[in-house]
Amino acid sequence: MTGASNLQFNAIAIDDATHGNNNGIVNKNECVNLNVTLKNNGCANESAISAVLSTATAGVTVSQTSSAYPDMAIDATGTNSVPFTIQTSNSFVCGTSIGLTLNVTYASGSKSIGISVPTC
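In short, a report on the structure. (Residues numbered from 1 in each chain as written. Predicted model: local features only at pLDDT ≥ 70, side-chain atom pairs only at ≥ 80, totals over all residues. Heavy atoms only, no water.)

### Some points on the overall build of the protein
Looking only at helices and strands, the protein features zero helices and nine strands. Along the protein, helices (α) and strands (β) appear in the sequence β-β-β-β-β-β-β-β-β when read from the amino end. A compact globule built from 120 residues would reach a C-alpha radius of gyration of about 14 Å, and the protein, at 15 Å, matches this within 12%. Taking all 120 residues of the protein together, the buried fraction comes to 34%. Of the roughly 5900 Å² that the protein leaves accessible, carbon and sulfur atoms contribute 49%. (Helix = DSSP H or I, 4+ residues; strand = E, 2+ residues; numbered from the N terminus. Rg over C-alpha atoms; globule rule 2.2 N^0.38 Å. Buried < 20%, exposed > 50% of the residue type's maximum accessible area, 1.4 Å probe, protein only. Areas by Shrake-Rupley, 256 points an atom, 1.4 Å probe, with all protein chains shown as cover.)

### What about the pairing of strand E9 (residues 109–117)?
As defined by bridge partners, strand E8 (residues 98–106) adjoins E9 across nine bridges and the pair is classed as antiparallel. Each residue of the ladder has a partner; that of Asn 103, found in E9, is Ser 112. Where E8 folds back onto E9 in an antiparallel hairpin, the turn is made up of two residues. (Pairing = 2+ DSSP bridges.)

### Section: the state of the cysteines
Under the criterion given, the structure shown has one disulfide. Between the sulfur atoms of Cys 94 and its disulfide mate Cys 120 the distance is 1.7 Å. Its S-S torsion of about -100 degrees marks the bond between Cys 94 and Cys 120 as left-handed, since a negative value means left-handed. Separated by 26 residues along the polypeptide, Cys 94 in the loop between strand E7 (84–88) and E8 and Cys 120 in the segment after E9 bring together distant segments of the chain. Among the residues examined, Cys 120 registers a relative accessible area of 40% and is labelled partly exposed. With no disulfide partner, Cys 31 has as its closest neighbouring cysteine sulfur the one in Cys 120, 15 Å distant. (Disulfide = S-S within 2.5 Å.)

### Here's the deal with the sheet that holds strand E3 (residues 50–55)
An order of E5-E3-E8-E9 is seen for the four strands of this open sheet, with the pairing classed as antiparallel. One side of each edge strand has no neighbouring strand; the edge strands of this open sheet are strand E5 (66–68) and E9. This sheet shows a mean twist of 25 degrees between the axes of neighbouring strands, independent of strand direction. Strand direction decides the pairing type here: E3 and E8, joined by six bridges, are antiparallel. If you follow Leu 53 over to E8, its bridge partner there is Leu 102. (Axes fitted to C-alpha atoms, helices over the stretch in contact; angles between N-to-C directions.)

Right, here's the structure in full:
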């Protein structure tokens with residue numbers, strides 16, 4: 001019997017130390033790095049993993065859109081090698097959840113993963 005990999009969202013870490021107020025929360029008029037951890041919840045190893053991040057949330061721009069991921073064995077997790085970067089505008093409404101789409105491609109396929117990031 002053989003199985004397939006199953007890459008899923010696992011966690012997100014917000015880093016606003018360099019271009020923000022260093023509180024770990026996305027605020028308006030702030031540039032933050034995002035480290036998105038995926039987990040292979042499937043029944044096969046996965047390789048050649050990369051992803052592109054996008055958003056349709058008003059007042060939010062993704063400036064670092066793509067990153068590679070390490071190969072993942074069954075039950076392993078992996079974090080993007082280059083942090084994704086998002087920028088909120090001065091008109092961004094605090095309290096709005098940022099809807100992100102992570103388009104992941106890998107040796108055996110591709111998928112889109114929805115992620116919601118809370119703000120101020």
